[in-house]
Amino acid sequence: MLKSEILNAPLLGALATCGHTDTVVIADCGLPIPEGPVVIDLALVQGLPSFEQVLDVLARNMVIEHSTLAAEAKDGPVLQLCTSRGLEPGFISHEELKAELPADQDHHPHRRIDPPMPT
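What counts, and where the lines are drawn
Residues numbered from 1 in each chain as written. Predicted model: local features only at pLDDT ≥ 70, side-chain atom pairs only at ≥ 80, totals over all residues. Heavy atoms only, no water. Helix = DSSP H or I, 4+ residues; strand = E, 2+ residues; numbered from the N terminus. Salt bridge = Lys/Arg side-chain N within 4 Å of Asp/Glu carboxyl O. Buried < 20%, exposed > 50% of the residue type's maximum accessible area, 1.4 Å probe, protein only. Arc of directions from axis to C-beta.

1. Focus on unusual backbone geometry
Leave glycine aside and you will find that most residues have negative phi; peptide bonds, for their part, are mostly trans.
Point 1. In this structure, P49 follows L48 across a cis peptide bond, with omega equal to -10 degrees.
Point 2. When you line up the elements, P49 lands in the loop between strand 2 (38–41) and helix 2 (51–61).

Next comes the structure, spelled out in C-alpha cells:
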C-alpha cells in the first residue's frame, strides 16, 4: 500500500505509473485532448480546487523534473506560482502544446489534471 496524502484514486494511480519522460498537464477544461491520454477531472466548481492547490499537492507527491507553461502565461499569476515554488518553466504556445499531446501512449503518456486555472 502506498503512503500518500492524495485520496483521489484515479489521480494516485496515474501518478504511480509516471516515469522519467512522462508528462503531467495541469489544465482547465478548455484544453482539447485527443483520444488516448488519461484525463483526471478534479474540478468541483469554478475555482476549486485551484491551480495553486493542485500544483502544491503534485509537488509534494512527485518529482517535477521540468515544467512548461503556455507562452500566454509569461507575465501572469501561474508563472509567479511556479517560480515561487522553485520551478523555472520553459514556455510554448497553446498550439505547440496541443500538437505535442497526441504522443504514443506506450512511450510518452500524458495525464491531464483539470483544476480551474487562476484568472
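2. Comments concerning the pattern of salt bridges
Point 1. All chains considered together, the criterion is met by 3 salt bridges.
Point 2. E5 is paired through a salt bridge with R60; the nearest N and O atoms lie 2.8 Å apart. Taken as a pair, E5 in the segment before helix 1 (9–16) and R60 in helix 2 lie far apart in primary sequence, 55 residues in all.
Point 3. R85 serves as the salt-bridge partner of D56, at 2.4 Å between the closest nitrogen and oxygen. Of the two residues, D56 sits in helix 2 while R85 sits in the loop between helix 3 (77–83) and strand 4 (90–92), which places them 29 residues apart along the sequence.

3. So, helix 2
Point 1. For helix 2, the full list of buried residues reads F51, V54, L55 and L58. The arc that holds the buried residues of helix 2, viewed along the axis, is 100 degrees, so those residues lie on one side.

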